[in-house]
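# Inside the fold
Chain residues, written in single-letter form:
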Amino acid sequence: MDFRDTADQATWRDEIRAFIKENRPTRDDAPPTREMARNNPAQAKWRAALAARGWIAAAWPKEYGGAGLGVMDQFVMNEEFAEARVMNVGGMGTSMIGPTLIIHGNDEQKKEHLGAILRGEVVWCQGYSEPGSGSDLASLQTRAVRDGDDFIINGQKIWTTGAHNADWCFMLARTDPDAPKHRGITYFLVDMHAPGVTVRPLVNMGNLHHFNEVFFEDVRVPARNVVGEINRGWYIGTTTLDFERSSIGNAVGQRQALEYYIRYLRDNRTTGKVVNTHFVQSELADRWIEAATAKMLSYRVITIQAEGRVPNHEASIAKLFNTELTQRIARTAMKMIGNYGVLTDPEVAPMHGRAPVSYLGSVSATIAGGTSEVQRNIVATRGLGLPRA
Ligand SMILES: Cc1cc2nc3c(=O)[nH]c(=O)nc-3n(C[C@H](O)[C@H](O)[C@H](O)COP(=O)(O)OP(=O)(O)OC[C@H]3O[C@@H](n4cnc5c(N)ncnc54)[C@H](O)[C@@H]3O)c2cc1C
């Protein structure tokens, strides 16, 4: 592989850097909370600048308000955005439901939702997992029963990220309980403000509220909110546009986190706030090498995509390595600050509590988006050709 940019890629990279320099919100513009971020004028300006170029959903075709970028151009953009630490404003609207509607939605659904997603008027959440159905998602039990022009939905979703801020949910529900499990599932768009939808917060062990339980009790959903064919929802749920899947943003973020920790170690060598032993130093060196490896794994995935092939077990390897590295980096940072690791109050804790907050937050990284065990199964069966257990 040639790691250098082609002439076109170098020009494209320069264009993105110039755009970021001109339009990025400054550090002073950063709102202290997520809620404030939603209505923050500086973020709105950044969003408008991205929207004007179709860069909110850079992978979407131009006719739907995207930029129609190929995977390599998206990769360069994502790498530069990550290096500059600028905010990605799209969320699940641009990355998940938008592409699904572009491919499987009817004209009415596209008209109703795509523009609103690009303008940032609506927030979406993903209602797939249930208390008994995570890795084995096709076993889901939430029921949708036809009643005239509507479906009536009953059931429970769990771990629903952002449901407490969401206006809409794209969800899977069982419409034919007698069919084989993958074939009786339908894909719905559900208004989160409809009667019968209840969102209950789940506070994680880092004391943060990101995800929720969502209960559906006799929720009426118009049949026009079914995406694609009834009972074929399973196959729709796996749709993506030609998105770059390299996780380059994570790989860059790992290195940036390490830079931050190493700077803190250097600055505090003599303050008594760090455990500055050879052991910690060599762990940081190991993590640095691993972060470079994570970047190479991202390059491998994007190379496969750029050749028009679909990354399969290679994407699983990158996900597995990246998320486990996130946990190792957080553990190393905790060792580096010793007993100070129990402090999370940003006013008094070293690095404003970044190490313990990352440490607690990193536990879920190997669960969300497919657990490490499931990724290892994919690597074993599809990558190494081992038999299924
Ligand atoms: C931070 C976070 C955000 C999330 N956001 C969302 C969201 O927005 N929407 C949504 O729908 N879901 C969301 N999820 C749910 C996520 O998709 C599931 O947690 C995940 O798929 C695992 O399912 P589970 O929790 O039911 O665990 P289970 O599938 O019950 O797994 C339990 C354990 O068994 C292991 N296991 C399961 N099957 C196998 C197997 N075949 N071989 C070997 N080991 C196996 C798993 O690896 C795990 O260790 C989120 C989860 C997290 C942690």
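This structure is a prediction, so every number in the text was calculated from the model and none was measured.

## Here's the deal with the overall build of the chain
For the chain, the helix and strand inventory stands at twelve helices and eight strands. Since a compact globule built from 389 residues should have a radius of gyration of about 21 Å, the 22 Å found for the chain is in line with a globular shape. Projecting the C-alpha coordinates of the chain onto the three principal axes gives extents of approximately 75 × 50 × 45 Å. For the chain, the proportion of its 389 residues judged to be buried stands at 32%.

## Quick look at the packing of helix H8 (residues 248-267) against helix H10 (residues 313-337)
If you want to describe how two helices pack, look at the angle between their axes and the distance between the axes. Two elements in contact, H8 and H10, have axes separated by 11 Å at closest approach and are oriented at 10°. Here H8 lies roughly parallel to H10, going by the angle between them. Residue-level contacts link Asn250, Ala251, Gln254, Ala257, Leu258, Tyr261 and Leu265 of H8 to Asn322, Leu325, Thr326, Ile329, Ala333 and Met336 of H10.

## Overview of the domain arrangement of the chain
For the chain, the assigned domains read domain 1 (7-89), domain 2 (124-236) and domain 3 (248-383). Here the C-alpha centroids of domain 1 and domain 2 sit 31 Å apart.

## Topic: the environment of glutamine 74
Relative to the elements of secondary structure, glutamine 74 occurs in helix H4 (residues 71-83). By the C-beta count within 10 Å, which is 22 here, glutamine 74 ends up buried. With 17 residues separating them along the chain, glutamine 74 and alanine 57 place their C-alpha atoms 9.9 Å apart. Residue contacts for glutamine 74: discarding those within four places in its chain leaves Ala58, Ala59, Leu69 and Glu244.

## Considerations on the nonpolar core
With 70 residues, the main nonpolar core has Cys169, Phe188 and Val190 as its most contacted residues. Of the residues forming this core, the biggest block, ten residues, is contributed by H10. Valine 190 has contacts with Trp168, Cys169, Met171, Val219, Val221 and Asn225, leaving out every residue within four places of it along the chain.

## Remarks on the site of the ligand
Within the structure, the ligand sits among 19 residues, and Tyr128, Gly134, Ser135, Thr371 and Glu373 are positioned closest to it. Taken together, the residues of the shell around the ligand sort by class into seven nonpolar, eleven polar and one charged. Shared between two domains, the shell around the ligand takes at least three residues from each, and those domains are domain 2 (124-236) and domain 3 (248-383).

## Here's the deal with the packing of helix H1 (residues 7-23) against H4
Interaxial distance between H1 and H4 falls to 10 Å at its minimum, and their mutual angle equals 40°. On the basis of their axis angle, the class for H1 and H4 is oblique. For the pair H1 and H4, the crossing hand works out as right-handed. Seen from H1, the contacting residues are Gln9, Trp12, Arg13, Ile16, Arg17 and Ile20; seen from H4, they are Met72, Asp73, Val76, Met77 and Glu80. Classifying every residue of the contact of H1 with H4 by side-chain character gives six nonpolar, one polar and four charged.

## Overview of unusual backbone geometry
Leave glycine aside and you will find that most residues have negative phi; peptide bonds, for their part, are mostly trans. The phi dihedral of arginine 85 falls on the positive side, at around 55°, and the residue is not glycine. Position of arginine 85 among the secondary structure elements: in the loop between H4 and helix H5 (91-104). Its identity as a non-glycine residue notwithstanding, asparagine 207 has a phi of 65°, on the positive side. Among the secondary structure elements, asparagine 207 is positioned in the loop between strand E6 (197-203) and strand E7 (209-222).

Conventions and cut-offs
- Residues numbered from 1 in each chain as written.
- Predicted model: local features only at pLDDT ≥ 70, side-chain atom pairs only at ≥ 80, totals over all residues.
- Helix = DSSP H or I, 4+ residues; strand = E, 2+ residues; numbered from the N terminus.
- Rg over C-alpha atoms; globule rule 2.2 N^0.38 Å.
- Buried ≥ 20, exposed ≤ 12 C-beta atoms within 10 Å, placed from the backbone.
- Axes fitted to C-alpha atoms, helices over the stretch in contact; angles between N-to-C directions.
- Parallel < 35°, antiparallel > 145°, perpendicular 65-115°, else oblique.
- Contact = placed C-beta atoms within 7 Å.
- Domains from an automatic or database assignment.
- Core = buried A, V, L, I, M, F, W, Y, C linked by C-beta atoms within 7 Å.
- Near = placed C-beta within 6 Å.
- Nonpolar A, V, L, I, M, F, W, Y, C, P; charged D, E, K, R; others polar.
- Left-handed = near helix turned anticlockwise from the far one by under 90°.

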